[in-house]
Amino acid sequence: MGEPSAEESHAFLSFLRGLPDVPELVRFFDRGGYFTVHLRDAVSIAQEYYKTNAVIKYMHARGARPGADPREGGSPYVSVSRAMTTTILRSLLLERRKRVEVYRLDGRAWELARRGSPGNLSAFEDELLRDASVPATSVTMAVRLGTAADAGQRRIGVALADPTQRWLRVAELADDDQFSALESLAVQYGARECVVAADAPAAERAKLDEAMQRCEVCVSEAKRATFAPRDVDADLARLAGQPAGGALAGVSRDSQLWRGAASAAIAYLDVMADTASHAQWQLGTADLDQYVRLDAGAVRALSVEPAADEHAREASLVGLLNRCRTPMGTRLLRARLHQPLRSLYDIERRLDLVQAFVDDALLRAQLHTALLARGVPDVERLGRRFGAGKASLAELWRAYQFTERLPELIRALDEYAAGGAAGAALIVVCYCGPLRAAAADFGKLQQLVRASIELDAAAQGEYLIQPRYDPELAELFAEREAAMLALHAHVADVAADLGFKGKDADKVKLVAHAGTGLQLLRVTRKDEPALRNRSAYTVLGTKKDGVTFAAPGTRALATRWDAAAKGYREKQARAPLRRAARRLSLIHISEPTR
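Residues numbered from 1 in each chain as written. Predicted model: local features only at pLDDT ≥ 70, side-chain atom pairs only at ≥ 80, totals over all residues. Heavy atoms only, no water.

Engineer: Whenever I open this one, the overall build of the protein chain confuses me. Can you help?
Structural biologist: Looking only at helices and strands, the protein chain features 21 helices and 16 strands. Evaluated residue by residue, the protein chain yields a buried proportion of 45% over its 594 residues. For the protein chain, the exposed area adds up to about 30,100 Å²; of that, 52% sits on carbon and sulfur atoms. (Helix = DSSP H or I, 4+ residues; strand = E, 2+ residues; numbered from the N terminus. Buried < 20%, exposed > 50% of the residue type's maximum accessible area, 1.4 Å probe, protein only. Areas by Shrake-Rupley, 256 points an atom, 1.4 Å probe, with all protein chains shown as cover.)

Shown next, in the form of structure tokens:
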């Protein structure tokens, strides 16, 4: 990790001193291969994550005096690797409920590149939401307080928004002076951040803070003007892609409370700036009476979620009941444990669905063969990646593989429904119909993948655009193939020289070096004696999977192939087809996954 020069340090410290001091905010500065944190943040991260002050360095505006204590007149900072930054970000945003900003150097000026908070994780989704152990929701709750009545009751407007799942719910509640209803709503929807007006009365704000603290929800402030509902109807219509009246039929259209809260949620999350998400949001009302009201104390008493210091799997309901085979199942289980149904009809309907699968072992086996045996991608995360325009060719391929299995899945469910077993009608309504519609939607994505991606290479884990779309790509592809043919001929020559002939010729294999990615040769440890007393061969390492070595000419051929493959990857990254693939695929993958 290189150290900044005296001139760079002076310019940077001038910029750093101009930033406002916000205690709940941690700032990271992207230095290319690593990040730095400064001042109070540096000391905190050194002590809490590195457990030592030895990692703290000091930056001087004009350089340190020779022989002087580096701490004298210096500004403390810590250099953090990218891997460690991911760990720290997860802790800050998901556990300690801090806000985070990441700055990047743009020319000679530092610019804010990303901003995140416990209720808005979309900018850090790649670092935070990679596994099912982390809840996929990042719900922000905006609250607008109404006037208190004489009996200690008040009306409040609430808007709950999840920018990663792209939904927004609004409600207007009658609540007591302890904000009991608001606390239950926060627990039901898994809110992680609450936005309130900065000028809220001190007494009411103290009680609201106490209620949110019980739920482990951090409270953020926004200007009073943020809660003004001037443009909220137009904003909601743009987000939903249609007038919002039908989706919000459960609340009064004239209410200034929920409309002000919705305006604040939209402004705080800055969702209108993300034009790619317009017309993809789901709007609705938050019905507090639809689920059993659980406050924070009840959730802890029931041990719904594991405690921070609890490692035993069976110590919480989530751990005890979670036998899910996919990340989506784990998230759904979490949501349903936080939202126990009250309607007898809905409860019986859900139990009938479960019973249908419990009673039919053949159906379960067919579903396992169709999906689980070959692995299921995190479809929810794929949908968000495509919706944000960040999906890679590898993710496009995983979506394609999943859609290829849908007909087999639908066929198994149709056969069960045709048998007339109990619950067959529910299976048709809840699964067969929606899956059939999704399969039809995915048809164009499948056509796109088949027409644009090298399927044989993708099946081997290499994701390439077909070269026929670009003359330069075709030339690079031909060079790449010629280099690989030369490598295979080289492997055959080495095998013959080592005495491996006939069926044994495939004992010498091509493998990619873990560090450089260059192609090298490998034999099993059992066949290692063939390399002994062969001065022309250089043994590079021995592991359980075999002995890696190089022969004369191996490195030159591997370098030639690596250069051709790298050139092809760089060219296809700029290819118009790759960008078109992202745009087309997001239409067909994001919608069915909701």
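Read on, since the account is not over.
Engineer: Explanation requested: helix H20 (residues 554-573) in the structure shown.
Structural biologist: A turn of α-helix holds 3.6 residues, and therefore any two residues three or four places apart point the same way. Over its 20 residues, H20 runs 28 Å from end to end, which matches the ideal 28 Å to within 8%, given 1.5 Å per residue. Looking at H20, one finds that the buried residues are Thr-554, Leu-557, Ala-558, Trp-561, Ala-564, Ala-565, Tyr-568, Lys-571 and Gln-572. The arc enclosing the buried residues of H20, seen along the axis, measures out at 165°, which places them on a common side. Residues of H20 that are exposed and point over 90 degrees away from its buried face: Ala-556 and Ala-563. (Expected span 1.5 Å × (residues − 1). Arc of directions from axis to C-beta.)

Engineer: Sorry, what's going on with the environment of Ile-45 here?
Structural biologist: With respect to the helices, strands and loops of the structure, Ile-45 is situated in helix H2 (residues 39-50). Residue Ile-45 is classed as buried on the basis of its relative accessible area, which comes to 3%. Along the backbone, Ile-45 and Val-80 are 35 residues apart, and their C-alpha atoms lie at a distance of 9.4 Å. Leave out the neighbours within four places in its chain, and Ile-45 touches Val-26, Phe-28, Val-37, Tyr-50 and Ile-88. (Contact = heavy atoms within 4.5 Å.)

Engineer: Looking at this structure, how should I read the sheet that holds strand E5 (residues 99-106)?
Structural biologist: Two strands in a sheet stick together by hydrogen bonds in their backbones, pointing the same way (parallel) or opposite ways (antiparallel). Here we have six strands laid out as an open sheet, ordered E3-E4-E2-E1-E5-E6, and mixed in their pairing. For this open sheet the edge positions go to strand E3 (57-59) and strand E6 (109-116), each flanked by a neighbour on one side alone. Averaged over all adjacent pairs, the angle separating strand axes in this sheet is 35°, with direction ignored. Here E3 runs beside strand E4 (residues 75-81); their pairing, made up of three bridges, is antiparallel. Pairing of Met-59 across the sheet is with Ser-75, part of E4. Docked against the sheet, H2 engages strand E1 (25-30), strand E2 (34-38) and E4, running at close to 50° with respect to E4. (Pairing = 2+ DSSP bridges. Axes fitted to C-alpha atoms, helices over the stretch in contact; angles between N-to-C directions.)

Engineer: Sorry, what's going on with the nonpolar core here?
Structural biologist: For soluble globular proteins, the rule of thumb is that nonpolar side chains tend to be buried together. Core analysis: the biggest nonpolar cluster contains 33 residues, and Met-141, Val-158, Leu-160, Leu-173, Leu-182, Leu-185 and Met-212 have the highest contact counts within it. When contributions to this core are tallied by element, the ones reaching two or more residues are strand E7 (139-148), strand E8 (154-162), strand E9 (167-175), helix H5 (180-189), strand E10 (191-197), helix H6 (202-214), helix H9 (296-301) and helix H11 (327-338). The element that contributes the greatest number of residues to this core is H5, accounting for six residues. (Core = buried A, V, L, I, M, F, W, Y, C linked by side-chain atoms within 4.5 Å.)

Engineer: I would appreciate a short explanation of the packing of helix H19 (residues 471-497) against H20 in the present structure.
Structural biologist: A pair of packed helices can be characterised by two numbers: the angle between their axes and the separation between those axes. H20 packs onto H19 with a crossing angle of 155° between their chain directions and a minimal axis gap of 9 Å. When the axis of H19 is compared with that of H20, the two are roughly antiparallel. Considering how the two elements wind past one another, H19 and H20 form a crossing that is left-handed. Between H19 and H20, the contacting residues are Glu-472, Leu-473, Leu-476, Phe-477, Glu-479, Arg-480, Ala-482, Ala-483, Met-484, Ala-486, Leu-487 and His-490 on the first element and Thr-554, Leu-557, Ala-558, Arg-560, Trp-561, Ala-564, Ala-565, Gly-567, Tyr-568, Lys-571 and Gln-572 on the second. Residue classes in the contact of H19 with H20 are distributed as 14 nonpolar, four polar and five charged. (Parallel < 35°, antiparallel > 145°, perpendicular 65-115°, else oblique. Left-handed = near helix turned anticlockwise from the far one by under 90°. Nonpolar A, V, L, I, M, F, W, Y, C, P; charged D, E, K, R; others polar.)

Engineer: In this structure, what is going on with the packing of helix H12 (residues 344-359) against helix H13 (residues 361-370)? I would like to understand it.
Structural biologist: Packing of H12 against H13 brings their axes to within 5 Å, and their N-to-C directions diverge by 90°. Judged by the inter-axis angle, H12 sits roughly perpendicular to H13. Packed against H12, whose contacting residues are Phe-357, Val-358 and Asp-359, the element H13 presents Ala-361, Leu-363, Arg-364 and Leu-367 at the interface. Tallied by class, residues from the contact of H12 with H13 come to five nonpolar, no polar and two charged.

Engineer: What's the story with unusual backbone geometry in this structure? I'm lost.
Structural biologist: Glycine aside, residues mostly have negative phi angles, and peptide bonds mostly take the trans form. The phi dihedral of Arg-97 is positive, around 55°, even though this residue is not glycine. Inspection of the secondary structure puts Arg-97 in the loop between helix H3 (82-95) and E5. Judged by its relative accessible area of 19%, Arg-97 is buried. Positive phi is not limited to glycine here, since Asn-533 has a value of about 60°. With respect to the helices and strands, the residue Asn-533 is situated in the loop between strand E14 (519-523) and strand E15 (538-543). For Asn-533, a relative accessible area of 82% translates into the label exposed.

Engineer: It is not clear to me how the packing of aromatic side chains should be interpreted in this structure. Could you clarify?
Structural biologist: The description of an aromatic ring pair rests on the distance of the ring centres and on the angle between the ring planes. Inspection of the entire model under this criterion finds 11 aromatic pairs. Ring centres of Phe-12 and Phe-29 lie 4.9 Å apart, and the angle between their planes is 85°; this geometry places the pair in the edge-to-face category. Note that Phe-12 is positioned in helix H1 (residues 6-17) and Phe-29 in strand E1, a separation of 17 residues in sequence. Each member of the pair Phe-12 and Phe-29 is classed as buried. When the ring of Phe-357 is compared with that of Tyr-431, the centres are 5.9 Å apart and the planes differ by 75°; the resulting orientation is edge-to-face. Of this pair, Phe-357 sits in helix H12 while Tyr-431 is found in helix H16 (residues 424-441), placing the two residues 74 residues apart along the sequence. The structure contains a cluster of three or more aromatic residues connected by ring pairs, namely Phe-12, Phe-15, Phe-29, Tyr-103 and Trp-110. (Phe/Tyr/Trp six-rings, centres within 6.5 Å; stacked < 30°, edge-to-face > 60°.)

Engineer: Any chance you could explain the layout of surface pockets here in plain terms?
Structural biologist: Unfilled space is identified by rolling a water-sized probe across the atoms. There is about 970 Å³ of room inside the second largest pocket. Breaking the lining of the second largest pocket down by element, the ones donating at least two residues are E5, E6, helix H4 (125-128), strand E11 (218-222), helix H8 (256-269) and helix H14 (379-387). Of all the elements, E6 adds the most residues to the lining of the second largest pocket, at five residues. For the lining of the second largest pocket, the per-class residue count stands at 16 nonpolar, seven polar and 14 charged. (1 Å grid on protein atoms, 1.4 Å probe; cavity = no way out; pocket = protein on both sides within 12 Å on 5 of 7 lines; lining within 4 Å. Points joined across faces, edges and corners; volume = space filled by probe spheres on them.)

Engineer: Can you walk me through the sheet that holds strand E16 (residues 546-550) in this structure?
Structural biologist: Strand order in this open sheet of four strands is E13-E14-E16-E15, and the pairing throughout is antiparallel. At either margin of the open sheet sits one strand with a lone partner, and together these are strand E13 (509-512) and E15. Here the average twist between neighbouring strands, direction ignored, is 40°. Of the strand pairs in this sheet, E14 and E16 are connected by three bridges, and their pairing is antiparallel. Directly across from Arg-522, in E16, lies its bridge partner Thr-548. The sheet strands contacting H20 are E14, E15 and E16, and the helix crosses E14 at an angle near 130°.

Engineer: Explain the environment of Ala-335 here, please?
Structural biologist: Turning to its location among the elements, Ala-335 is positioned in helix H11. A relative accessible area of 32% means that Ala-335 is categorised as partly exposed.

Engineer: Sorry, what's going on with the pattern of salt bridges here?
Structural biologist: One side chain can pair with another of opposite charge once the charged atoms of both are near each other. One pass over the structure, following the stated rule, counts 32 salt bridges. In this structure, Asp-497 engages Arg-534 in a salt bridge whose closest nitrogen and oxygen atoms are separated by 3.1 Å. Remark: Arg-534 occurs in the loop between E14 and E15 and Asp-497 occurs in helix H19; sequence separation between them is 37 residues. Residue Asp-497 is classed as partly exposed on the basis of its relative accessible area, which comes to 43%. Taken together, the salt bridges that share partners define one network made up of Arg-27, Glu-101 and Arg-115. (Salt bridge = Lys/Arg side-chain N within 4 Å of Asp/Glu carboxyl O.)

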